[in-house]
Amino acid sequence: MPSIKFTYFDGRGLGEVNRVMLAAGGIKYEDVRLHESKWAGMKPTTPMGELPLLEVDGKTICQSNSIARYIAREAGLAGKSSLDQAEVDMIMEGVRSLFDKAAQIFILPEAEKAARKKKLEEKEAPELLEYLNKLASNKGYFVGDQLTAADIALYVNYESVGSLTIALPSLDKYPNLKKVADNVKANPGIAKWLKERPVTTY
């Protein structure tokens, strides 16, 4: 087994999809959680001045999507064929946009936050979830008939956005997505991670 170290801030954010996939695949790794106060000193030493980072046998990879695709392949979550993998990537990009839009709210001028939050909650999020519900099967999978990174990305991003005090529609309104979430949580490795992971503020 390779030596793996995953570095991100002490929160879910852009790191949690990767952590959950590592858990799903039963892949052992060192979970390095960086305090924000130490980031300025570490930043110049990173490949592109950003987190998260994945170090595999001394080789460092950055960019959360690149890391996610690597882990998905190693964990058997990338899809069986090239076309499956493209579909998995499509869903991952789509659900990531939900997180990105939510995160952007917190860097806006105070006077603009409420209107932007309302637009996400009342229009953008419900619209995206409706599209995603149609793309998921009634068995609760986006691609094929087994768990992939696409399913995990949906669950984690939905959960993470909700933790940012964004009022998302209940997945009960989207039966296929509700099954996706249930399938993700039923994975033994993921269930263990969700129960035992550190409690964070975001």
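Residues numbered from 1 in each chain as written. Predicted model: local features only at pLDDT ≥ 70, side-chain atom pairs only at ≥ 80, totals over all residues. Heavy atoms only, no water.

Going by what an unreviewed UniProt entry lists, the protein is known as glutathione transferase and is assigned to Branchiostoma lanceolatum. Under the UniProt heading Catalytic activity (unreviewed entry), the note attached to the protein is "RX + glutathione = an S-substituted glutathione + a halide anion + H(+)". (UniProt positions renumbered as here; feature names shortened; annotations may be inferred.)

Q: In this structure, what is going on with the pattern of salt bridges? I would like to understand it.
A: Tallied over the full model, the rule gives 18 salt bridges. Across the pair Arg-19 and Glu-16 runs a salt bridge, and its minimum N-O distance is 3.1 Å. Of this pair, Arg-19 and Glu-16 both sit in helix α1 (residues 16-24), three residues apart, which is roughly one turn of the helix. Glu-16 carries the same exposure label as Arg-19, and that label is buried. (Salt bridge = Lys/Arg side-chain N within 4 Å of Asp/Glu carboxyl O. Helix = DSSP H or I, 4+ residues; strand = E, 2+ residues; numbered from the N terminus. Buried < 20%, exposed > 50% of the residue type's maximum accessible area, 1.4 Å probe, protein only.)

Q: Looking at this structure, I do not really get the nonpolar core. What am I missing?
A: Note on soluble globular proteins: their nonpolar side chains tend to be buried together. Membership of the largest hydrophobic core comes to 63 residues, with the highest contact counts inside it found for Met-21, Leu-132, Phe-142, Ile-152 and Leu-177. Apart from residues lying up to four places away in sequence, Ile-152 is in contact with Val-17, Val-20, Met-21, Ala-24, Leu-77, Leu-147, Val-184 and Ile-190. (Core = buried A, V, L, I, M, F, W, Y, C linked by side-chain atoms within 4.5 Å. Contact = heavy atoms within 4.5 Å.)

Q: In this structure, what is going on with the UniProt feature "domain: GST C-terminal" (unreviewed entry) in the protein? I would like to understand it.
A: Taken from the UniProt record, the annotation "domain: GST C-terminal" (unreviewed entry) applies to residues 81-202. Counted over residues 81-202, helix gives 70% and strand 0%. Its end C-alpha atoms are 35 Å apart.

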